[in-house]
Amino acid sequence: MQTNFQERKKRETAMRKAGRLPPGQVLTEKFPVLHYGAIPQFDKSKWNFRVWGEVEGPLNLSWESFSKLPREKVVFDLHCVTRWSKFDTCWEGVRFNTLIEMGLIALKPDAKFILQHAENIYSSNLPIELVRSDTFLLATHYNGHPLTPERGFPLRGLVGAIPGNKEFKDVYLWKGAKWLNGLEILSVDQKGFWEQSGYHNRGDIWKEERLAE
Ligand SMILES: Nc1nc2c(c(=O)[nH]1)N[C@H]1C(S)=C(S)[C@@H](COP(=O)(O)O)O[C@H]1N2
Ligand SMILES: [Mo]
């Protein structure tokens, strides 16, 4: 146990030196499962993914169609507001931009923010630039396998940090909704579940934007 502890601390120091450990965070090798409420049931025949709001026409995809969309593999560092960070996690999923490139959706000029809607009541908001950047993924797979129910099966919005990225903001993990089933495209920002309950609206991990000022 002691050795494990020392090894973890060693890795943590290395990550700090590499500029990958944000302030106030500790490295974990575990992967805690965190969410509000119960794990929703997935019914393949009823599930659909919707995009609506500031788009030229709403999109409605069945699971069958969604699962055929082209996917990409990405490696993310995850940073939870409860202070754990997990490095080099492997995911696979669909880019929001892919929906645009395939002509499935067309954004209106006023499309500025996105509210992710999940089964039950969870939601989370992000600026559209972030959703269109490499740091956001419509994730369907973790470690080469479909998501497990507790990780958000069949689909989760996922925000992760990419080492060296200076272009886009890195935000805490709550900013990705597990059991995602809809994206509401907005012209005016609208707070999500935790943002309404006192979490910071932006959630920048480097500025420790944990709670609202
Ligand atoms: N639908 C839904 N998504 C959610 C949450 C939730 O309560 N419901 N919690 C968020 C929070 S606070 C965190 S830290 C991550 C946890 O993801 P994990 O369980 O895979 O670690 O999911 C986020 N997405
Ligand atoms: Mo969290």
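Up top you'll find the structure we're talking about.
Given the structure is predicted, the values throughout are model-derived calculations rather than measurements.

The rules we used
Here the residue numbering is sequential within each chain, running from 1 through the sequence in written order. Labels follow written order: the first chain is A, the first ligand is 1, and so on. Totals for whole chains, interfaces and linings use all residues, but because this is a predicted model, local features are given only for residues with pLDDT of at least 70 and pairs of side-chain atoms are given and counted only at 80 or more. The side-chain numbers reported here are obtained from all heavy atoms of the structure, hydrogens and water having been left aside. In this description a helix means any DSSP run of H or I spanning at least four residues, a strand means any run of E spanning at least two, and both kinds are numbered starting from the N terminus. Burial classification: accessible surface area is computed with a 1.4 Å probe over protein chains only, and a residue below 20% of its type maximum counts as buried, one above 50% as exposed, and the rest as partly exposed. N or O atoms closer than or at 3.5 Å make up a polar contact, with two conditions inside protein: a donor-capable atom paired with an acceptor-capable one, and, for residues adjacent in sequence, both atoms drawn from side chains. When checking whether two residues touch, look at their non-hydrogen atoms; a contact exists if any pair is within 4.5 Å. Paired strands, as defined in this entry, are two strands with at least two bridges between them according to DSSP.

Draft legend 1. Highlighting the side chain of Asn 125. Examined against the element boundaries, Asn 125 turns out to sit in strand β7 (residues 123-127). Assessed through its relative accessible area of 2%, Asn 125 is described here as buried. There is a polar contact of 3.0 Å between the side chain of Asn 125 and the side chain of Asp 189. Among the polar contacts made by the side chain of Asn 125, one reaches the main-chain amide nitrogen of Gly 192 at a distance of 3.3 Å. Excluding residues within four positions of it along the chain, Asn 125 makes contact with Ile 114, Leu 115, Lys 175, Asp 189, Gln 190, Lys 191, Gly 192, Glu 195 and Asn 201.

Draft legend 2. Geometry of the pairing of strand β8 (residues 136-142). Burial runs high along β8: seven of the seven residues are buried. Pairing analysis gives four bridges linking strand β5 (residues 84-94) to β8, with the strands arranged antiparallel. For Glu 92, the partnering residue across the bridge sits in β8 and is His 141. Strand direction decides the pairing type here: β8 and strand β10 (residues 156-159), joined by four bridges, are antiparallel. When the bridges of β10 are listed, Leu 137 appears paired with Leu 158. Pairing between β8 and strand β9 (residues 145-146): two bridges, direction antiparallel. Within β9, the residue paired with Tyr 142 across the bridge is His 145. Connecting the antiparallel pair β8 and β9 is a turn made up of two residues, with Asn 143 showing a positive phi of about 50°.

Bear in mind that shape data such as this cannot, by itself, settle questions of function.
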